[in-house]
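Summary of structural features
Spelled out, the chains give:
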Amino acid sequence: MYNVAVVTDEKCVAKKGCRLCIMYCPEADCILLDTKNMVAKVVTDICKGCELCKVVCDAAKHQAIEMLAMGADGKLLHKKGEAAGLGQAYAG
Ligand code: SF4
Ligand code: SF4
């Protein structure tokens, strides 16, 4: 189990021009702008769980990104408290 970033669409202010997470994510094409809904979207297959996007989003007081655990089956576990430990972030 490891963590991946997930954007809460209602909190994302990409429509106002924010691109912080997209600019800071170290993985290529990992956070994309969903131009239809004008929100940031994480490609969970590529996300390494480094939390940099969450740090910059929180620092800008948007709090639109949370880290959620992904199970071995590649499905997100949406229950609170199921996030993997920090040391497991790069397990994959
Ligand atoms: S940093 Fe946060 S508010 Fe800004 S585009 Fe990314 S998810 Fe949206
Ligand atoms: S957790 Fe890291 S790798 Fe994943 S989307 Fe955020 S910045 Fe990119």
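Keep in mind it's a predicted model, so treat the numbers as computed, not measured.

1. Things to note about the site of ligand 2
The full set close to ligand 2 counts 13 residues, and Ala5, Cys25, Cys47, Cys50 and Cys53 are the nearest of them. The class makeup of the residues in the shell around ligand 2 is nine nonpolar, one polar and three charged.

2. A closer look at the site of ligand 1
Residues in contact with ligand 1 amount to 14 residues; listed here are only the nearest, Cys12, Cys18, Cys21, Cys57 and His62. Broken down by secondary-structure element, the contributors of at least two residues to the shell around ligand 1 are helix H1 (20–24) and helix H2 (52–59).

3. Overview of the pairing of strand S3 (residues 39–42)
With burial as the criterion, only one face of S3 is covered, namely that bearing Ala40 and Val42; the residues Val39 and Lys41 on the opposite face remain uncovered. With four bridges connecting them, strand S2 (residues 31–34) and S3 associate as antiparallel partners. By the bridge assignment, Leu33 is partnered in S3 with Ala40. Remark: four residues form the turn of the hairpin made by S2 and S3, two consecutive strands paired antiparallel; Met38 in that turn has positive phi of roughly 55°.

4. Considering the environment of His62
Turning to its location among the elements, His62 is positioned in the loop between H2 and strand S4 (65–70). A count of 20 C-beta atoms within 10 Å places His62 in the buried class. C-alpha separation for the pair His62 and Cys12, spaced 50 residues apart in sequence, amounts to 6.8 Å. Setting aside residues up to four positions removed in sequence, His62 forms contacts with Lys11, Val13, Cys18 and Cys57.

Criteria and cut-off values
The residue numbers shown here count from 1 along each chain, following its written sequence. All chains are assigned letters beginning with A, and all ligands numbers beginning with 1, in the order in which they are written. Where local features are concerned, this predicted model is filtered to residues with pLDDT of at least 70; where side-chain atom pairs are given and counted, the filter is 80 or more; whole-chain, interface and lining totals use all residues. Should the C-beta atom of a residue, placed from the backbone, lie within 6 Å of a molecule or strand, that residue is near it. Put simply, Ala, Val, Leu, Ile, Met, Phe, Trp, Tyr, Cys and Pro go in the nonpolar bin, Asp, Glu, Lys and Arg in the charged bin, and everything else, Gly too, in the polar bin. Secondary structure counts use DSSP, requiring at least four H or I residues in a row for a helix and at least two E residues in a row for a strand, with both numbered from the N terminus. The burial criterion counts other C-beta atoms lying within 10 Å of a residue's C-beta, which is placed from the backbone; the residue is buried at 20 or more, exposed at 12 or fewer, and partly exposed between these limits. Any two strands with at least two DSSP-identified bridges between them are counted as paired. What counts as a contact here is a pair of residues whose C-beta atoms, placed from the backbone, lie within 7 Å.

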